[in-house]
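Breakdown of the fold
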Amino acid sequence: MKKAIILSAGQGSRLGHLTDDKPKCLIDFNGRTLLDWQLDALAANGVEEAVVVTGFRDDQIDAALARRGNAGPRVRTVYNPFYKVADNLGSLFVAKEEIEGDVLVWNGDTLVSEELMARVVGNAERDGICVTIDRKPAYDEDDMKVVVADDGGLKAIGKRISEGVNGESIGLLAFRGDGSRRFRMAIERAMRTTEGTTIWYLRVIHQIAQEAPVWTLDINGEEWGEVDFPEDVDAALALTARWDKVRKAKAA
């Protein structure tokens, strides 16, 4: 797994004043932006190339990437001119040529530990499409809920699922073998429908799963966090501070 696509086109308006004039991927968490934390997790696990899909204040993202200098991985950006009117399927549509071979697709508002990323990158037992999931006692209306079969196959994914929920997607998917081609073709089909610009890309994953196997990777016990609301910022600050403390202890 040498390549990742990071979806960072949105403004993150649910974070209020924090994103009035700054994309949420550039919020600072203990001296590093959210995007820096993502890129560093990729680099630590041998992912050599990252494609960042930008939109809101793309100039700031370009400047932030330039400040990284030669720090890995190699990064280039793809601009999504439709970020104001299309959901995240639109970001993948403008970057569809990048969806080839073995590739990760990662939401730009999700922090994961280096150890969690190692499990995703190293999970090469099955080709195809793999959705990274976590488990918890209960799920709320904003969770991207999943229904997973006993063999780890994905049966359903979506926010509106009410029955059989036994996990949630953390916004990190791996495509191996023929998985990327199948996903790319499904994106093309979805964007040609009348509701194409309103679709989340995980709805496309749900549709694929009704026709062919889609797998899941259960990372229960690993650390991650999503930055969607103001209260998530404090949780992410605590999480990244803990990661920094562990990293410094290992280096000592």
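Parameters and conventions
- Residues numbered from 1 in each chain as written.
- Predicted model: local features only at pLDDT ≥ 70, side-chain atom pairs only at ≥ 80, totals over all residues.
- Heavy atoms only, no water.
- 1 Å grid on protein atoms, 1.4 Å probe; cavity = no way out; pocket = protein on both sides within 12 Å on 5 of 7 lines; lining within 4 Å.
- Points joined across faces, edges and corners; volume = space filled by probe spheres on them.
- Helix = DSSP H or I, 4+ residues; strand = E, 2+ residues; numbered from the N terminus.
- Contact = heavy atoms within 4.5 Å.
- Buried < 20%, exposed > 50% of the residue type's maximum accessible area, 1.4 Å probe, protein only.
- Core = buried A, V, L, I, M, F, W, Y, C linked by side-chain atoms within 4.5 Å.

To find leftover empty space, one rolls a probe the size of a water molecule over the atoms. Taken as a whole, the largest pocket holds about 830 Å³ of empty space. Taken together, 33 residues line the largest pocket, and the ones lying closest to its centre are K24, D87, N88, D109 and D228. Counting only elements with at least two residues in the lining of the largest pocket, the list comes to β1 (3–8), α3 (88–94), β11 (167–176) and β13 (224–226). By residue number, the principal contributor to the lining of the largest pocket is β11, which donates four residues.

Our next topic: the environment of L92. Along the chain, L92 falls in helix α3. Not counting residues within four places of it along the chain, the set of residues in contact with L92 comprises I5, L7, I99, V105, F183, I187 and Y201.

Turning to the side chain of D109, a few remarks are in order. Tracing the chain through its elements places D109 in the loop between β6 (103–107) and β7 (110–112). For D109, a relative accessible area of 10% gives the class buried. Setting aside its immediate chain neighbours within four residues, D109 contacts K24, L34, Q38, G225, E226, V227 and D228.

To continue, consider the nonpolar core. Counting 34 residues, the largest nonpolar core has L92, F183, Y201 and I205 as its most contacted members. Tallying contributions element by element places helix α6 (residues 201–209) first for this core, with six residues. In this structure F183 touches L92, I99, F175, Y201, V204, I205 and I208, once residues within four positions along its chain are discounted.

What follows deals with the environment of I199. Note on placement: I199 falls in the loop between α5 (179–191) and α6. For I199, a relative accessible area of 3% corresponds to the buried category. Distance from I199 to R181, taken between C-alpha atoms, is 19 Å for residues 18 residues apart in sequence. Excluding anything up to four places from it in sequence, I199 contacts D87, N88, L89, A190, T193 and V204.

All right, on to unusual backbone geometry then. The step from G72 to P73 runs through a cis peptide bond, and the omega angle for that step is -5°. Assignment of secondary structure puts P73 in the loop between α2 (58–67) and β5 (74–79). At R57, a position not held by glycine, the phi torsion is positive, near 45°. Along the chain, R57 turns up in the loop between β4 (49–54) and α2. R57 gets classed as partly exposed once you look at its relative accessible area, which sits at 26%.

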